Amino acid sequence: MTTLLELKEKLIRFYGKNEIYVKPAIRFVLALFTFLVINNSIGYMKLVSKTPVAVILALVCSMLPVNGLIAIAALVVLADLYALSIEVCLVGLLMFAIIYFIYFRFSPKSGINAVLTPVCFKLHIPYAVPVGSGLLSEAYSVVSVACGTVIYFFIHGVSENASALSDAAEETDSSVSKVVVALNQLIGNKEMYLVLGIFIITTLIVYVVRKLDIEHSWTVASGILFEAIGLTAGYILLGISDKIAGVIIGSVISGVIAMIIQFLFFNLDYSRTERLQFEDDDYYYYVKAVPKKMVA
């Protein structure tokens, strides 16, 4: 444990000294991976779906806040959808417009969750996002998790139905039917509703338990068990039993990630807990102080 604490302190000092370089580097890696995921999923417009273009866009996003990355990624997605079908692009534009108003109204400071959710879905560890959001963010971050989930399922649904949605299928599919198929990826997707509900509840449970005055609240608030049980039961009811194994494996990996987050950001020494009492002219104050685990 001492070795890990020493490593943690070194990382904190390194980040403090090189923050001006580390932050853009992290944004570049996140942006590059995001654009590569988009290209791999729906890279229908060849002009913007090339790796050199992804690198250039990632370099631009490294100098912008996360919301800048969200805007550019949305434009890339719309360009790919336009290359697939104008009707699908219009449905995607409507989805992004609704998400824009909801996201910037309720959760403009937690854009990292909206980006990480689709990326983690492609890595098969999306269960880490609601847990990490509940551990590190405020309750309103649940909105960005929900937005990222909707975006992923829409893109995934379009990718799976590309043959029915492409303009090359104009002779057999009318414009109206394309709009219906595209909208069905949002309105008629029961799996999306299941995952969306579990993720929202998990984020709120983790956040509420984290705020409780109990020891090791972050460990209790991992929420992984709730996700695993909820999704497993939901998939059984929906008849999608082939995804249960992925849920279990992804939950285990996400649990490890949650433990790493706890160690880095909330590693407390409860054996040295102090309870303080003081007052001013108007109030008495009762304070519980729990020191962090640190090494000299």
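These numbers were taken from a predicted model, which means no experiment stands behind them.

Draft legend 1. Representation of the state of the cysteines. Enumeration according to the criterion identifies zero disulfides in this entry. No disulfide involves C61; its nearest neighbouring cysteine sulfur is the one of C120, lying 18 Å away. Judged by relative accessible area, C61 falls into the buried class, the value being 1%. With no disulfide of its own, C89 has C147 as its nearest cysteine by sulfur position, at a separation of 19 Å.

Draft legend 2. Representation of the packing of aromatic side chains. As enumerated under the stated definition, the model contains ten aromatic pairs in all. Between F121 and Y152, the ring centres sit 4.2 Å apart and the planes meet at 5°, which makes this aromatic pair stacked. Of this pair, F121 sits in helix α6 (residues 111-122) while Y152 is found in helix α8 (residues 141-160), placing the two residues 31 residues apart along the sequence. This pair shows no difference in class: F121 is buried, exactly as Y152 is.

Draft legend 3. Spatial organisation of a nonpolar patch on the surface. On the surface, a cluster of nonpolar side chains totalling about 910 Å² of accessible area is made up of L4, L7, L11, L136, I248, V252, V256, I260, L264 and F265. Element by element, the count of residues in the nonpolar patch is highest for helix α14 (residues 244-265), at six residues. By the element assignment, I260 lies in helix α14. When its relative accessible area of 46% is taken as the criterion, I260 is described as partly exposed.

Draft legend 4. Quick look at the pairing of strand β2 (residues 284-289). Where strand β1 (residues 274-279) lies against β2, six bridges are found, and the strand directions are antiparallel. Opposite E274, over in β2, you have A289 as the bridge partner.

Draft legend 5. The pattern of salt bridges, seen in detail. Scanning all chains against the criterion turns up two salt bridges. Of the charged contacts in the structure, one is a salt bridge between K23 and E19, with a shortest N-O distance of 3.0 Å. Residue K23 and its partner E19 are located together in helix α2 (residues 19-42), separated by four residues, close to a single helical turn.

Conventions and cut-offs
- Residues numbered from 1 in each chain as written.
- Predicted model: local features only at pLDDT ≥ 70, side-chain atom pairs only at ≥ 80, totals over all residues.
- Heavy atoms only, no water.
- Disulfide = S-S within 2.5 Å.
- Buried < 20%, exposed > 50% of the residue type's maximum accessible area, 1.4 Å probe, protein only.
- Phe/Tyr/Trp six-rings, centres within 6.5 Å; stacked < 30°, edge-to-face > 60°.
- Helix = DSSP H or I, 4+ residues; strand = E, 2+ residues; numbered from the N terminus.
- Patch = residues over 30% accessible without salt bridge, like charges linked within 9 Å, V, L, I, M, F, W, Y side chains within 5 Å.
- Areas by Shrake-Rupley, 256 points an atom, 1.4 Å probe, with all protein chains shown as cover.
- Salt bridge = Lys/Arg side-chain N within 4 Å of Asp/Glu carboxyl O.
- Pairing = 2+ DSSP bridges.

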